[in-house]
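# Reading the structure
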Amino acid sequence: MLSAHLLLRRTLLRALPALLCGLLAGCGSGARPAGAAGQEVRRAVAEWSAAPPEALAGVPLEGWSYEVTSVREDGVRAFARAELRYRLAGFDAAPAGSAREVELAAGPGGRWRVTADRPAPGALPQLWDQGPVTVRRGAHALVLGGAGQSPETLEAVAAEADRAVPAVSAAWPEPWAGRVVVVVPGSLERMAQLLGRPADEYRGLGAVTVGRVGTAPAAADRVVVNPEGYGQLTAEGRRIILTHETTHVATRAATTETTPLWLSEGFADWAAYRGTGSSPAQAAPALGRAVRAGELPGALPVNGAFAFGGDSDALARAYEGAWLACRLVAQEWGDAALVALYGKAGREPLPTALQETLGTDPAGLTRAWQDYLRRELR
C-alpha cells in the first residue's frame with residue numbers, strides 16, 4: 001500500500017488546461033483557404049454549436065459557444081478551427097476554453113454538415129472526448145466522471161470532497177468559493193491524456209490540481225483524480241489527498257509565482273493532517289529515517305525538490321519537511337500567523353513576509369525548523 005503522503009502531488013500552477021478527448025487530427029490534404037464558402041461553414045458551425053450536445057445534458061454548462069477562427073475547404077470537406085468557451089454553472093468565475101477542429105462535409109445545395117469535432121492539433125482534449133460523462137453533485141462538490149467510472153465510485157468521491165471543503169475552510173479562513181470541481185477520468189492513461197503529460201509522471205499519485213494562480217477571475221481549479229493511485233489509498237488516505245488538493249483550490253487567489261513551494265505544499269499538508277492525530281513520526285517516515293541517521297536537512301526544501309520523476313525518497317522528504325515547517329509555524333506562532341505568512345509570501349519577498357508575520361528571517365526559521373525536526377523525529 002502506498003503511503004498517503006507519497007501520493008500528494010504539487011499543484012500544477014500554469015494556465016488552466018482544457019480538462020473536460022479523441023485523437024488529434026490535422027486538416028485534410030488538398031484543402032484551400034475558404035472564400036465565400038467560408039461564411040456558410042461558419043454559419044453551419046454556429047447552428048450546430050448553438051447548445052451543448054445532448055450527451056452533456058447532465059453537465060451544468062452555460063455560455064457554450066464555438067468561435068471560428070479560420071476555415072479551410074476543398075468544396076467537399078471543410079475544416080474549421082474554433083475556440084470552445086463554456087462555464088460550469090455555479091463554479092467557473094470565467095470561461096474555460098479549448099481549441100477545437102470541426103470537420104464538415106458538403107451536402108445538397110451547398111449546405112455544410114458537421115461530421116466531427118475533436119481537439120485541434122496540439123490542444124488538450126476534453127473529458128467528454130473520451131466517452132460518456134457521468135455527473136454527481138454534492139453539497140460543496142461537482143464530480144465529473146469519465147467513461148468507465150462507476151456511479152458508486154463517483155458518489156464516494158463526492159462525499160469525500162464534501163468533507164474536504166469545510167475542513168479546508170477551517171484551516172483557511174480567508175474568503176474563497178467554498179466548492180470544488182473534481183474530475184475522475186476512466187483510467188490513469190486517460191488522466192495523462194487530459195493533462196498532456198506521460199502517464200508515468202502520475203503513476204502512484206492520488207490526484208493533482210490544475211488552475212491559474214492570482215486574483216483575476218478564472219475558471220475554477222479542477223482536482224483531477226488518478227483512479228489507479230486513488231484506489232490504492234486507505235479511507236484516511238483518500239480524505240487526506242482530497243483535503244490537500246482542495247486546499248490548493250482555496251488558496252489559489254493568494255498563491256503567486258513567488259510563493260515558495262515548501263509553503264504552498266506544506267500548508268496543504270498541514271490543512272489535510274489537522275485533526276487526524278498523525279504524529280510526525282507516523283506521517284514523515286522518510287524524513288524521520290534521515291534525521292535519525294544524522295542527515296538533518298541544511299535548508300528548507302527548494303522548489304526543485306518537489307519535481308517528480310527523480311528520487312521518490314527525496315521527494316517524500318521534501319513534502320514531509322514542508323509539512324513540518326508549516327506545523328511548526330502553527331504551533332509556535334499560531335494558525336493565524338501561518339495563514340498571514342501564506343498571504344504575504346505571495347505578495348512580498350519571503351524575508352519581508354517572515355519578518356512582518358513571525359518576527360524572524362529565513363535563517364531563524366530554518367534553525368527553528370531544524371530543532372523541531374530533532375525533537376519530533378528523534
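These lines cover the structure that appears in this document, whether it is placed above or below.

### Considering the overall build of the protein
- Along its length, the protein carries twelve helices and eleven strands.
- When each of the 378 residues of the protein is scored for burial, the buried share is 52%.
- Summing over all exposed atoms, the protein offers an accessible surface of approximately 15600 Å²; the carbon and sulfur share of this is 51%.

### A word on the environment of Arg 113
- Summarising the element assignment, Arg 113 is placed in strand S6 (residues 112-119).
- Given the relative accessible area of 55%, Arg 113 is considered exposed.
- In contact with Arg 113, other than residues within four places in its own chain, are Glu 103, Leu 104 and Ala 105.

### Topic: the nonpolar core
- Membership of the largest hydrophobic core comes to 64 residues, with the highest contact counts inside it found for Val 182, Trp 262 and Leu 324.
- Here this core gets eleven residues from one element, more than from any other, and that element is helix H9 (residues 312-332).
- Apart from the residues within four sequence positions on either side, Leu 324 is in contact with Pro 280, Ala 284, Leu 287, Trp 369, Tyr 372, Leu 373 and Leu 377.
- Among the nonpolar cores identified, the runner-up in size contains 43 residues, and Val 41, Ala 82, Leu 142 and Tyr 202 belong to it.

### With respect to the packing of aromatic side chains
- Across all of its chains, the model carries eleven aromatic pairs by this definition.
- Relative to Tyr 66, the ring of Trp 64 has its centre 6.0 Å away and its plane inclined at 55°; by these criteria the two rings are tilted.
- Residue classification places Tyr 66 among the buried positions, given a relative accessible area of 10%.
- On the numbers, 5.3 Å between centres and 50° between planes, the contact of Phe 267 with Trp 270 is tilted. You can see Phe 267 and its partner Trp 270 sitting in helix H6 (residues 261-273), three residues apart, about one turn around the helix. Assigned by exposure class, Phe 267 and Trp 270 land together as buried.
- Following the ring pairs from residue to residue traces out a cluster consisting of Trp 48, Trp 64, Tyr 66, Tyr 86 and Trp 128.
- Over the face of the ring belonging to Trp 270 we find Arg 274, whose NZ or CZ atom lies 4.9 Å from the ring centre.

### Details of the pairing of strand S11 (residues 222-225)
- Alternating positions in S11 separate into two faces, Arg 222 and Val 224 on one and Val 223 and Val 225 on the other, with burial throughout.
- Two strands pair when backbone bridges link them, and strand S9 (residues 180-184) and S11 are joined in this way by three bridges, in the parallel orientation. Bridging across to S11, Val 181 finds its partner in Arg 222.
- As paired strands, strand S10 (residues 207-211) and S11 are joined by four bridges and run antiparallel to one another. Looking at the pairing, Thr 209 lines up with Val 223 of S11.

Procedures and definitions
One numbering rule holds for all chains: residues counted from 1, following each sequence as written. Confidence filtering applies because this is a predicted model: local features only for residues at pLDDT of at least 70, side-chain atom pairs given and counted only at 80 or more, and all residues used for totals across whole chains, interfaces and linings. The side-chain numbers reported here are obtained from all heavy atoms of the structure, hydrogens and water having been left aside. Here a helix means four or more residues in a row that DSSP labels H or I, a strand means two or more in a row labelled E, and each is numbered from the N terminus. For each residue, the accessible area found with a 1.4 Å probe, counting protein chains only, is set against the maximum for its type, and the residue is called buried under 20%, exposed over 50%, and partly exposed in between. Only the protein chains shown count as cover for residues, and the accessible areas themselves come from Shrake-Rupley with a 1.4 Å probe. A contact between two residues is defined here by any heavy atoms of the two lying within 4.5 Å. Among buried residues, the Ala, Val, Leu, Ile, Met, Phe, Trp, Tyr and Cys ones that are joined through side-chain atoms within 4.5 Å form a nonpolar core. Working definition: rings of Phe, Tyr and Trp (its six-membered ring) pair if their centres are within 6.5 Å, and the pair is stacked with planes under 30 degrees apart, edge-to-face with planes over 60 apart, and tilted otherwise. For a lysine, the NZ atom is tested; for an arginine, the CZ atom; a charge sits over a ring if that atom is within 6 Å of the ring centre and within 35 degrees of the ring normal. A strand pair is defined by DSSP finding two or more bridges across the two strands.

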